Amino acid sequence: MKWITERDALIAQTLAFVQSVTGKKDDLRPPESPPAAFALTTEIVTVQAIAVETDPPPAISSPVPEARPVQVPPPRTGGDFRTEMQARIANFRKHQERFEREREEYCAATLTKVRAAIRDAAPPPPAAK
């Protein structure tokens, strides 16, 4: 039961730190002995939502063009881990294919511009003899 003594030492150390920071020494005391059984207490709290009508905040125009929206995966609600992983892998592959397609399009456009510039360039001057 070494972990119990380590836990109690950590609690005592934490309480001593809190006491040194707050300056209160009477409020917090480390437990003298660990409790024999733990009691679970549950308190039911009722929360009421109050609807408040407010004006929406003014739209802020951004001078920087906005990037594509990032797809955030939905929170995991149990379900099948394998299915989630397959969906994530498929999404990753789609992104990689899109990046590669964009690179190919950029390369093709750049090569077209270079070839047009070479074709339209003036011929080199005659060599001096």
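Going by the structure above, here's the rest.
Residues numbered from 1 in each chain as written. Predicted model: local features only at pLDDT ≥ 70, side-chain atom pairs only at ≥ 80, totals over all residues. Heavy atoms only, no water.

K.L.:
Honestly, the overall build of the chain in this entry has me stumped. Any pointers?
P.N.:
Each helix and strand counted, the chain has two helices and zero strands in total. Here the chain, with 129 residues, has 2% of them falling under the buried criterion. Taken as a whole, the chain presents about 13,300 Å² of accessible surface, with 61% of it coming from carbon and sulfur. (Helix = DSSP H or I, 4+ residues; strand = E, 2+ residues; numbered from the N terminus. Buried < 20%, exposed > 50% of the residue type's maximum accessible area, 1.4 Å probe, protein only. Areas by Shrake-Rupley, 256 points an atom, 1.4 Å probe, with all protein chains shown as cover.)

K.L.:
Help me understand the pattern of salt bridges, please; the structure alone is not making it clear to me.
P.N.:
Here the idea is simple: oppositely charged side chains can pair when their charged atoms come close. Following the criterion strictly, the structure yields four salt bridges and no others. Here Arg7 ties to Asp8 by a salt bridge, and the two come within 3.2 Å at their closest N and O atoms. With a relative accessible area of 27%, Arg7 lands in the partly exposed category. Arg98 is the partner of Glu102 in a salt bridge, and the nearest nitrogen-oxygen pair spans 3.4 Å. (Salt bridge = Lys/Arg side-chain N within 4 Å of Asp/Glu carboxyl O.)

K.L.:
In this structure, what is going on with a nonpolar patch on the surface? I would like to understand it.
P.N.:
On the surface, Phe17, Val18 and Val21 cluster together into a nonpolar patch covering about 280 Å² of accessible area. Inspection of the secondary structure assignment puts Val18 in helix H1 (residues 2-22). (Patch = residues over 30% accessible without salt bridge, like charges linked within 9 Å, V, L, I, M, F, W, Y side chains within 5 Å.)

K.L.:
What am I meant to see in H1 here?
P.N.:
Residues three or four positions apart in an α-helix share a direction because the helix packs 3.6 residues into each turn. Here H1 spans 30 Å end to end across 21 residues, near enough to the 30 Å set by a 1.5 Å rise per residue. Taken from the residues just after H1, Gly23 is the one with a positive phi, measuring 80 degrees. (Expected span 1.5 Å × (residues − 1).)

K.L.:
Is there a simple way to explain a negative patch on the surface in this structure?
P.N.:
Judged by side-chain charge, Glu97, Glu100, Glu104 and Glu105 come together as a negatively charged surface patch. By the secondary structure assignment, Glu97 is in helix H2 (residues 81-120). Residue Glu97 is classed as exposed on the basis of its relative accessible area, which comes to 51%. (Lys, Arg positive; Asp, Glu negative; His and termini not counted. Charge placed at Lys NZ, Arg CZ, Asp CG, Glu CD.)

K.L.:
What's the story with H2 in this structure? I'm lost.
P.N.:
Helix length check: H2, at 40 residues, gives a terminal C-alpha distance of 59 Å against a target of 58 Å (1.5 Å per residue), a fit within 8%. Near the N-terminus of H2, the side chain that reaches the backbone nitrogen of Arg82, with its oxygen 2.8 Å away, is that of Asp80. (Polar contact = N/O pair within 3.5 Å; in protein donor to acceptor, adjacent residues only side chain to side chain.)

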